Amino acid sequence: MSSSNPLRDAQDRRLPRIAGPSGLVIFGVTGDLSRKKLMPAVYDLANRGLLPPGFSLIGFARRQWADEDFAQVVHDAVKEHARTPFREEVWQQLVNGCRFVQGDFDDDAAFETLKETIHELDKAQGTGGNFAFYLSVPPKFFPTVVQQLKKHGLAEQTENSWRRAVIEKPFGHDLKSAQELNRIVHDVFPTEAVFRIDHYLGKETVQNILALRFANTLFEPIWNRSYVDHVQITMAEDIGIGGRAGYYDGIGAARDVIQNHLLQLLALTAMEEPASFDADALVAEKTKVLGAVRLPKDLGKETVRGQYAAGWQGGEKVLGYLEEEGIDPRSKTDTYAAIKLEIDNRRWAGVPFYLRTGKRLGRRVTEIAVVFQRAPHSPFDDTATEELGQNALVIRVQPDEGVTLRFGSKVPGTQMEVRDVSMDFAYGESFTESSPEAYERLILDVLLGDANLFPRLKEVELSWQILDPIEEYWDKHGKPAQYPAGTWGPVEADEMLARDGRSWRRP
Amino acid sequence: MKIDLTDTTASKINNALVEGRRAIGTPAIGMVLTLVIVTDEEHAYDSLKAANEASREHPSRKLVVIKRVSRSPRNRSQARLDAEVRVGTSAGTGETVVLRLYGDVIDHAQSVVLPLLLPDAPVVVWWPVASPLDPVKDPLGALAQRRVTDTYAADEPVSELTTRAANYAPGDTDLAWTRITPWRSMLAAALDQQPDVKVTAAEVEGEDCNPSGELLAMWLADRLGVPARRTVSDGPGLTAVRLETEDGVITLDRTDGSLARLSMKGHPDRAVALKRRETSELLAEELRRLDPDTVYAATLKYGVHRLAGTSAPEQAPAGAPAPDGAKPAPGPAKKGSAPKKAAK
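Predicted model only: the values in this text are computed from it and were never measured.

### Regarding the overall build of chain B
From N to C terminus, chain B includes ten helices and 15 strands. Among the 344 residues that make up chain B, the fraction classed as buried is 58%. Within chain B, counting contacts between residues at least 6 apart in sequence, those at least 24 apart form 70% of the total. Surface summary for chain B: the accessible area is close to 14400 Å², and the carbon and sulfur share equals 50%.

### Points about helix α5 (residues 157–167) of chain B
Residues and elements named next belong to chain B. In terms of burial, α5 is a largely internal element, nine of the eleven residues being buried. Taken together, the buried positions of α5 are Pro157, Val158, Ser159, Glu160, Leu161, Thr162, Thr163, Arg164 and Ala165. Summarising the contacts, the buried residues of α5 are in contact with β7 (146–149), β8 (172–174), α8 (211–224) and α10 (294–302).

### Things to note about the domain arrangement of chain B
All names here are of chain B. Each assigned domain of chain B is listed here: domain 1 (2–149) and domain 2 (176–311). Here the C-alpha centre of domain 2 lies 34 Å away from the C-alpha centre of domain 1. Listed as interface residues are 13 residues of domain 1 and, on the opposing side, twelve residues of domain 2. Together domain 1 and domain 2 conceal approximately 1200 Å² of surface at their shared face, both sides included; 68% is due to carbon and sulfur atoms. At the junction of domain 1 with domain 2, the criterion picks out one salt bridge. With a shortest N-O distance of 2.7 Å, Arg146 and Glu286 are connected by a salt bridge.

### Focus on the UniProt feature "binding site: substrate" (unreviewed entry) in chain A
Residue and element names in this part refer to chain A. Those residues carrying the UniProt feature "binding site: substrate" (unreviewed entry) are His199, Lys203, Glu237, Asp256 and Lys359 in this numbering. Within the secondary structure, Glu237 sits in the loop between β7 (228–236) and α8 (245–248). Each residue touching Glu237, except ones within four places of it in the same chain, is listed here: Gly358, Lys359, Arg360, Leu361, Arg363 and Arg364. Secondary-structure assignment places Lys359 in the loop between β13 (353–358) and β14 (365–372). A residue is classified by how much of its surface remains accessible, and Lys359, at 2% relative accessible area, is buried. Not counting residues up to four positions away in its chain, the partners in contact with Lys359 are Glu237, Ile239, Gly240, Ile241, Arg244, Tyr248, Tyr308, Thr335 and Tyr483.

### Details of the interface of chain A and chain B
Tallying the contact residues gives 35 residues for chain A and 44 residues for chain B. Of the roughly 3200 Å² buried at the junction of chain A and chain B (both faces included), carbon and sulfur atoms supply 55%. At the surface where chain A touches chain B, the tally comes to seven salt bridges. Looking at which element gives the most residues to the side of chain A that touches chain B, the answer is helix α3 (residues 88–95) of chain A, with four residues.

### A word on the sheet that holds strand β13 (residues 259–263) of chain B
Across the sheet, which stays open at both edges, the seven strands sit in the order β14-β13-β12-β11-β9-β10-β15 (chain B) with mixed pairing between neighbours. Of all strands in the sheet, those with a lone pairing partner are β14 (270–273) and β15 (308–309) of chain B, marking the two edges. With respect to the sheet, α3 of chain A is in contact with β13 and β14 of chain B, its orientation differing from that of β14 of chain B by roughly 150°. Packed onto the sheet, α8 of chain B meets β9 (199–207), β10 (228–233) and β11 (238–245) of chain B and runs at close to 15° relative to β11 of chain B.

### Digging into the pattern of salt bridges
Taken as a whole and assessed by the stated rule, the structure comprises 55 salt bridges over all chains. Between Lys36 of chain A and Asp32 of chain A there is a salt bridge, with the nearest N and O atoms lying 3.5 Å from each other. Taken together, the residues Lys36 of chain A and Asp32 of chain A, both in helix α1 (residues 32–47) and four residues apart, mark about one turn of the helix. Classification of Asp32 of chain A as partly exposed rests on a relative accessible area of 45%. For Glu285 of chain B, the salt bridge identified is with Arg277 of chain B, shortest N-O distance 2.8 Å. Residue class for Glu285 of chain B comes out buried when judged on its relative accessible area of 9%. The partly exposed category is assigned to Arg277 of chain B, whose relative accessible area is 27%. The network of salt bridges with common partners includes Arg14 of chain A together with Arg146, Arg277, Glu285, Glu286 and Asp293 of chain B.

### Examining the UniProt feature "active site" (unreviewed entry) in chain A
Residues and elements named next belong to chain A. Annotation from UniProt places "active site" (unreviewed entry) at His261. For His261, the position within the fold is in helix α9 (residues 252–270). Overall, His261 belongs to the buried group, its relative accessible area being 2%. Aside from chain neighbours lying at most four places away, what touches His261 is Lys169, Asp198, His199, Tyr200 and Met235. Polar contacts involving the side chain of His261 include one to the side chain of Lys169, which spans 3.5 Å.

### Looking at the pairing of strand β4 (residues 131–135) of chain A
All names here are of chain A. Counting buried positions over the five residues of β4 gives five, a clear majority of the element. Burial along β4 is two-sided: Phe131, Phe133 and Leu135 facing one way and Ala132 and Tyr134 facing the other are all buried. The sheet contact formed by strand β1 (residues 23–27) and β4 spans five bridges and is parallel. Bridge pairing links Ile26 to Tyr134 in β4. For β4 and strand β5 (residues 163–168), the ladder comprises five bridges, and the chain directions are parallel.

### Some words on the pairing of strand β3 (residues 60–67) of chain B
Residue and element names in this part refer to chain B. Burial of β3 is extensive: seven of the eight residues sit out of reach of the surface. Here seven bridges tie strand β2 (residues 33–39) to β3, and the two strands are oriented parallel to one another. Across the sheet, residue Ile37 finds its bridge partner in β3, namely Val64. Once the chain exits β2 it traverses helix α2 (residues 41–54) before rejoining the sheet at β3, and the crossover so formed is right-handed. The pairing of β3 with strand β5 (residues 94–102) spans eight bridges and is classified as parallel.

### Considering the side chain of Thr205 of chain A
All names here are of chain A. As for its position among the elements, Thr205 is in helix α7 (residues 204–214). Relative accessible area serves as the criterion here: at 3%, Thr205 is assigned to the buried category. Contacts of Thr205, omitting those with residues within four sequence positions, involve Ile395, Arg396, Val397, Glu401, Gly402 and Tyr427.

### So, the sheet that holds strand β4 (residues 80–87) of chain B
Residue and element names in this part refer to chain B. Strand order across the open sheet formed by eight strands is β1-β4-β5-β3-β2-β6-β7-β8, with mixed pairing between neighbours. In this open sheet, the two edge strands, each paired with only one partner strand, are β1 (2–5) and β8. Across the sheet, the mean angle separating the axes of adjacent strands is 15° when strand polarity is ignored.

### What about the domain arrangement of chain A?
Residue and element names in this part refer to chain A. In terms of domain boundaries, chain A breaks down into domain 1 (23–168) and domain 2 (202–498). At the junction of the two partners, domain 1 supplies 20 residues and domain 2 supplies twelve residues. Buried surface at the junction of domain 1 and domain 2, summed over both partners, amounts to about 1300 Å²; 70% is from carbon and sulfur atoms. Among the residues domain 1 hides against domain 2, the three largest losses belong to Leu45, Arg83 and Arg164. Together they make up 35% of the total. In this assembly, domain 1 and domain 2 are joined by three salt bridges. For Arg48, the salt bridge is made with Glu440, and the minimal N-O distance between the two is 2.6 Å. Between domain 1 and domain 2 we count five residue pairs in polar contact (both at pLDDT 80 or more) in total. Within the residue set of the side of domain 1 that touches domain 2, elements represented by two or more residues are β1, α1, β4 and β5. Here the element with the most residues in the side of domain 1 that touches domain 2 is α1; it accounts for seven residues.

Rules of the game
- Residues numbered from 1 in each chain as written.
- Chains lettered and ligands numbered in written order.
- Predicted model: local features only at pLDDT ≥ 70, side-chain atom pairs only at ≥ 80, totals over all residues.
- Heavy atoms only, no water.
- Helix = DSSP H or I, 4+ residues; strand = E, 2+ residues; numbered from the N terminus.
- Buried < 20%, exposed > 50% of the residue type's maximum accessible area, 1.4 Å probe, protein only.
- Contact = heavy atoms within 4.5 Å.
- Areas by Shrake-Rupley, 256 points an atom, 1.4 Å probe, with all protein chains shown as cover.
- Domains from an automatic or database assignment.
- Buried area = accessible area lost by both parts, 1.4 Å probe.
- Salt bridge = Lys/Arg side-chain N within 4 Å of Asp/Glu carboxyl O.
- UniProt positions renumbered as here; feature names shortened; annotations may be inferred.
- Pairing = 2+ DSSP bridges.
- Axes fitted to C-alpha atoms, helices over the stretch in contact; angles between N-to-C directions.
- Polar contact = N/O pair within 3.5 Å; in protein donor to acceptor, adjacent residues only side chain to side chain.
- Right-handed = clockwise from strand over helix to strand, strands pointing away.

Structure representation (C-alpha cells):
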C-alpha cells in the first residue's frame, strides 16, 4: 500500500486494506482444502471488497479442464462453502481472472504454460507480475514444485513485483526433515517470501489472546507463577482418521497437532509482551519462550500416548484405530498425545503446561485453560467452600469462541456456601455472527505481505526440537495405551495429572 | 417474546426488560451498544428491520422513539408513553423497545431514553428521516457519542450539507457518506496502482439530489487538492468518477448500480463489484467504529459551494459561515431546478 497515495489516510479507517494488484496460483486445486476453504475464502474477500480490481486465480492440476470448467468448479465451491451470500456482480469480477493450467508437477511444458498464463494475466488483468504460489499439495511434492518454479523463472522477483510461496503443514516430520524442507524452499524463495500457513493463527480467538493479555490491565498482573497453578491446552476432535490413513499412519497426533497448533498456542499464552505488533517483534518473543521450554526428566511418566479403540461416539458405533481401513494392525501411531512441559523463565518457573490432543474424544473443542492457585487463606470453613474449585480463565478457541472466567460465588440462602459460577464472553454475542474465516485473513495477509500470523522458520525448528526427544522415546519404549472412542482419552493421562495432584478439565 | 405496556414509564419498561430476559432464560447478554432510532410511524418498520439486521454484527439494545402526531388540541395536551418490549428472537440480536410518545412528552423524549440506556456502553442515535440540523444540540443527540443522520432523505440535501458543515461536532456522521465507502476504497486502490501519477482534476457524476455525489467530489477535491466537478446523470445513484491525470483519465463508471468498470492508461479495463448497499449494511459499517470520523469532517468542511457543476447551490444559505478562503462558485442553477445534463 503506497503511503504517497493522497486518497489514503491513517485516520480514514473506513477504507479497508486492499491488496495491491496480484494473483494467486493454487497447486493441487482439485483437492478438498482448495474447494472447501481456499476458493470460498477468495470469493469472500472479493465480496468484502478486499481484493484488487483484476485479481486473478490460476488453478494448476492434472485434471483435463478448460478455463470454463475450472470457473464452474470455483463457482460451485463458492456457492456451497462461501461464508457470505453469493452475488452475481462479485462473481463477474472474479471470473474474468480465472485460468486453469493442466499438467503434472514434473511437466516442463505445463510450467511454461503457467508462465505464459501469468504474462497474459499481467496484460489482460493488470496483475503487475505479483503472484503468490499456494502449494496445496502433499509434502512429498514440495521439492518438485519449488524446483520447477525456480527452473522456469517463476520465482524470480523483479524490483517492482513480488513472488511468494505459501506452504501448508506438515512442515516436515522431525527437525531434520523440516530443515531439509526449509533448505529446499529457501533455496528458491527468500525468507520473507515464504508464508507457512498454520490456520489456527488466523482464527480471531487466537489473535484475541494477544488483545486479551496486552490490551487489558486486568489479567497481566496475575499471568505468572505467583498466581497461576497450571495451564491446560487441549485440542480434541470427535472424528477418527477418516480417509487420511495414508497420511496419518506413522505421523500421529503429536506431530500432526502438538508440533504446530498447540506449541503456537503455548507460545502466545506464555510469551512476554512484544515491543510492537509487527512480525519481527512477535517472532522474537515467540522464539524466546519456545527456546525456554524444558522437557520433563522422566518422559515415560510425563507423557502419554494412546490409540482409540472401538466404542460408541455420540450414539454411533465406531471402529478402533487399528481396525480402520489402511492401518497396519500393529501400528504404534498415536491418535492421542498428552505431554507436560515447563518453561524455564522467571515468569513461569514451576508452572506446568499440559498439552493434549486426540481423535475420537468426547467432542470437538480447542481451548486454553489457565487455572489459578487457590486462595492462600480462606476465612470460610471447609464445608462452606467444599464445592469451590480453582479459579480459571478459559479461552475457547473453537467452537463457540469466547472467554469464560470461573470463580466462586455465594449461593443465595441463609447459610454461607460458596460455589463455582462462570462469567462468559461469547464472540457470537458481542461481535459479528460470522467472523472472517481464518483462510480469508491469511490469504489477504499473504497478498499484502504481512507476515504477523505466520510461523517463521525458527519457530518451526524450535518446536521440532521440543517434540523430537518425545517421539524418539516413544519409538523405543512401549506402545500406545488404548482408550474407548468417545471418551476423554486413556486412564494413563488422568494418572499423569493425578500424580501432580491435578486433574484434566472436562472441556 | 413481546410485552406491551400502555401509559407507562421508563422504570416499568426496565422491569419488563428484566422480566422478559428471565422468561427466555438469558439473563446476561453481550450487548455492545444502545442504538436510539428516532423516526416517525411511517419509517419505523423499515428502520427497525435494518437495525435488527445490523444487530447481528453489533448486538445492541434498540430504542425506537416514535413521536406520534396528535390531531386534537386535547390529545396534544395529554402526555402519554406506550411501549412495546421485545426480547429474544423477535428482537434481532439483543433487545428492542418501541416507544410511542404522545402529547407533551414528545418534547422530553430524552427523559424516557436516558434511564433505558445500557450502562457503560456507547450510545448511537440514528435519524433515518428528518435529521435535526444541529444533531449535537438535539436533546437526544446530546446523549450520544455517535449521531447518524441521513442527508439523502432530506428535502434540500445539498444545502443541508452546508449546514452540517457549519454545525459539525465530533461524532457526527451521515449515511450519505457511508454509502460512498466502496467508491472511495476502489478509487484509493486505483491510485495505489499508479503511485506516482499526478491528478489534475476530478469529476463525480450521479443522480440529482444525491448528496453522496457532492461528498465524494469534496473528498477527492480535499484529498487531492484539485478542482472537482459534480455533474448530473440519471442514476441510479452515482454513475461515474473521472480523475484527470497527466497521463490520461482514470475512470470508474457504473451504469447499472452493481458492476463497475475501472479503466486507466497502461492497464486493461477491469470489472469491479460496486453494489449499492442496503441500509442494514450501511448501519453495520457505521457502528463498526464509534470514534469521530475526521475524514468526514474534513470533507464536509471543504464546502459544497467550492464544487463546480450543476447541482451546487448559488451560495451558502444565510447563517452558515463559509469556510475560510472559499469563494462562491458561479453556479449556473439553484438546486431544485430541472437537472441539466452535464456539459463536460
